[in-house]
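Structural description and commentary
Here's the letter readout for the chains.
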Amino acid sequence: FSMQRRIRNITPEARLITVKKRVAAYARVSCDKETMLHSLAAQIDFYRNYIINNPEWEFAGVYADEAKTGTKDSREQFQQLLADCRSGQIDMVVTKSISRFARNTVTLLETTRELRERGINVFFEDQNMDSISEEGELMLTLMASVAQEESLSCSENCKWRIRKGFEKGQPN
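What this report covers is the structure whose coordinates are included nearby. Note that the structure is predicted; figures quoted are calculated from it, not measured.

**So, the overall build of the protein chain**
Each helix and strand counted, the protein chain has 5 helices and 5 strands in total. Counting from the amino terminus, helix and strand elements in the protein chain follow one another as β-α-β-α-β-α-α-β-β-α. Relative to its full complement of 172 residues, the protein chain shows a buried share of 32%. Nonlocal contacts in the protein chain, meaning residues at least 24 apart in sequence, comprise 65% of its contacts between residues at least 6 apart. Approximately 11,700 Å² of the protein chain is accessible, and the part contributed by carbon and sulfur atoms is 51%.

Right under this line is the structure:
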């Protein structure tokens, strides 16, 4: 009785396929002055190129709102971004800063938590921070609070200026 050993060479049939992360950007300006609209156009161009030039990313669009305060949920493009994230079209969002994404702390935290639960990271460029990181939640809370206070302070300053103008008989 002889035992023959046979060696069979198994070759992999499929190569590993690298799946690119689908990345979208969110941009916003809070007033419709011409200089701000130019800033919005520059943000859109920058983020389009920023995403396209990263070989690990696939461009999923730029969502941009103009003349929106950032404190309300009525931003159409922001809502569309969230809808596209919920439908699985986006894996990551990049944005300039926390205050561009949302100035209201509750809105910011609720949104980033929802996206994190879906495995979607929000990268805040100015802060160099990922919402999905371990320290992200604490940093977002602190920085969003500062952004919210800045927004309230700016609003109060504008109201004060308008009141003083009315007292002097100057139209707004």
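**Re the packing of helix α2 (residues 76–86) against helix α4 (residues 105–117)**
Each packed pair of helices is defined by two parameters, the angle between the axes and the distance between the axes. Contact pair α2 / α4: the axes reach a minimum separation of 10 Å and the direction vectors enclose 20 degrees. Between α2 and α4, the angle is such that the two are roughly parallel. Crossing handedness for the pair α2 and α4: left-handed. Touching F78, L82, C85 and R86 of α2 are T111, E114 and L115, all from α4. Looking at the contact of α2 with α4 residue by residue, the classes come out as 4 nonpolar, 1 polar and 2 charged.

**Observations regarding α4**
One turn of the α-helix equals 3.6 residues, which is why residues spaced by three or four share an orientation. Given a rise of 1.5 Å per residue, 13 residues ought to cover 18 Å, and the 18 Å separating the end C-alpha atoms of α4 matches this to within 8%. Those residues of α4 that fall on the buried side of the exposure criterion are T105, T107, L108, L109, T111, T112 and L115. Trailing α4 by a residue or two, G119 shows a phi angle of about 80 degrees, which is positive.

**Describing the pairing of strand β1 (residues 21–29)**
Extensive coverage of β1 is indicated by the burial of 7 of its 9 residues. The sheet contact formed by β1 and strand β2 (residues 57–66) spans 8 bridges and is parallel. Within β2, the residue paired with A27 across the bridge is A64. Strand direction decides the pairing type here: β1 and strand β3 (residues 92–95), joined by 4 bridges, are parallel. Residue pairing for β3: A25 is matched across the bridge by V94.

**Observations regarding the sheet that holds β1**
Strand order in the open sheet formed by 5 strands is β2-β1-β3-β4-β5, with mixed pairing between adjacent strands. What marks the edges here is a single partner per strand, and that holds for β2 and β5 (129–130). Pairing of β3 with strand β4 (residues 121–124), which is carried by 4 bridges, proceeds in the parallel orientation. Across the sheet, residue V93 finds its bridge partner in β4, namely V122. Along the sheet, α2 makes contact with β1, β2 and β3, crossing β2 at roughly 150 degrees.

What counts as what
- Residues numbered from 1 in each chain as written.
- Predicted model: local features only at pLDDT ≥ 70, side-chain atom pairs only at ≥ 80, totals over all residues.
- Heavy atoms only, no water.
- Helix = DSSP H or I, 4+ residues; strand = E, 2+ residues; numbered from the N terminus.
- Buried < 20%, exposed > 50% of the residue type's maximum accessible area, 1.4 Å probe, protein only.
- Contact = heavy atoms within 4.5 Å.
- Areas by Shrake-Rupley, 256 points an atom, 1.4 Å probe, with all protein chains shown as cover.
- Axes fitted to C-alpha atoms, helices over the stretch in contact; angles between N-to-C directions.
- Parallel < 35°, antiparallel > 145°, perpendicular 65-115°, else oblique.
- Left-handed = near helix turned anticlockwise from the far one by under 90°.
- Nonpolar A, V, L, I, M, F, W, Y, C, P; charged D, E, K, R; others polar.
- Expected span 1.5 Å × (residues − 1).
- Pairing = 2+ DSSP bridges.

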